[in-house]
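# Observations on the three-dimensional arrangement
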Amino acid sequence: MAAQAKDQFVRLLIGAGKAAPTPPVGPALGARGVKSMDFCKEFNARTAHIAPGTPIPTSIYVRPDRTFYFVTKTPATTYFLKKTAGIEMGTGKPGHVFNGTVSLKHIYEIAKIKHSDDHMKHLPLESIARMVVGSAKSLGVRVVP
């Protein structure tokens, strides 16, 4: 009995609406025999409603017949926290030095966005909000009520 070929898996972080067949997209898909231009057109069409340049984590599955499908997730929690707090990067000493502040309302808005991800759908919104608060602490962002 012959072994069945499995899908190849590629994980990329691509700006919404900014996919182009240049690195990192082109080499990652070209090495697996996929036409990167087809992926770029489909990705840009699917992310047209999102603000351009927003980093979208994307999982691409390449089948043995060189067709593909991909799954997009919401941007990272730290991206939302940095954007909300108006900072470029986190602090070097989390818990001691604070870069910015976000309100509890912002935390719940971020949690609502993250709740739409498949791996977070089963969790209550309060638990996701607690995770966002933990990310904020490790980033050096103070959460105020």
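Each value, and the rule that gives it
- Residues numbered from 1 in each chain as written.
- Predicted model: local features only at pLDDT ≥ 70, side-chain atom pairs only at ≥ 80, totals over all residues.
- Heavy atoms only, no water.
- Salt bridge = Lys/Arg side-chain N within 4 Å of Asp/Glu carboxyl O.
- Helix = DSSP H or I, 4+ residues; strand = E, 2+ residues; numbered from the N terminus.
- Buried < 20%, exposed > 50% of the residue type's maximum accessible area, 1.4 Å probe, protein only.
- Axes fitted to C-alpha atoms, helices over the stretch in contact; angles between N-to-C directions.
- Parallel < 35°, antiparallel > 145°, perpendicular 65-115°, else oblique.
- Left-handed = near helix turned anticlockwise from the far one by under 90°.
- Contact = heavy atoms within 4.5 Å.
- Nonpolar A, V, L, I, M, F, W, Y, C, P; charged D, E, K, R; others polar.
- Pairing = 2+ DSSP bridges.

### Description of the pattern of salt bridges
Counted according to the given criterion, the structure contains four salt bridges. Note that Arg46 is salt-bridged to Glu42, the shortest N-O span being 3.3 Å. With Arg46 and Glu42 both in helix α2 (residues 36-46) and four residues apart, this pair spans about one turn of that helix. On the accessibility criterion, Glu42 (37% relative accessible area) is partly exposed. Here Glu126 and Arg130 are joined by a salt bridge, their closest N and O atoms 2.7 Å apart. With Glu126 and Arg130 both in helix α5 (residues 125-139) and four residues apart, this pair spans about one turn of that helix.

### With respect to the packing of helix α3 (residues 77-85) against helix α4 (residues 104-115)
Between α3 and α4, whose axes approach to 11 Å, the crossing angle comes to 150°. On the basis of their axis angle, the class for α3 and α4 is roughly antiparallel. The chirality of how α3 crosses α4 is right-handed. Residues Thr77, Phe80, Leu81 and Thr84 of α3 touch α4, and the partners they reach there are His106, Ile107, Ile110, Ile113 and Lys114. Counted by class, the contact of α3 with α4 contains five nonpolar, three polar and one charged residues.

### Concerning the sheet that holds strand β3 (residues 68-72)
Strand pairing within a sheet occurs via backbone hydrogen bonds; the two strands may be parallel or antiparallel. Pairing is antiparallel in the open sheet, where three strands are placed in the order β1-β2-β3. Every interior strand has two partners, whereas the edge strands, β1 (8-15) and β3, have only one. Mean inter-strand twist for the sheet, computed between neighbouring axes without regard to direction, equals 25°. Contacts between α2 and the sheet are confined to β1, β2 (55-62) and β3, with β3 contributing the most and set at about 30° to the helix.

### Quick notes on unusual backbone geometry
Of note, the amide linkage connecting Pro23 to Pro24 takes the cis form, showing an omega dihedral of 5°. Counting through the fold element by element, Pro24 comes out in the loop between β1 and α1 (25-30). Unlike most non-glycine residues, Arg66 shows phi in positive territory, near 70°. With respect to the secondary-structure elements, Arg66 resides in the loop between β2 and β3. Residue class for Arg66 comes out exposed when judged on its relative accessible area of 56%.

Functional significance is not addressed by these values, which are geometric in nature.
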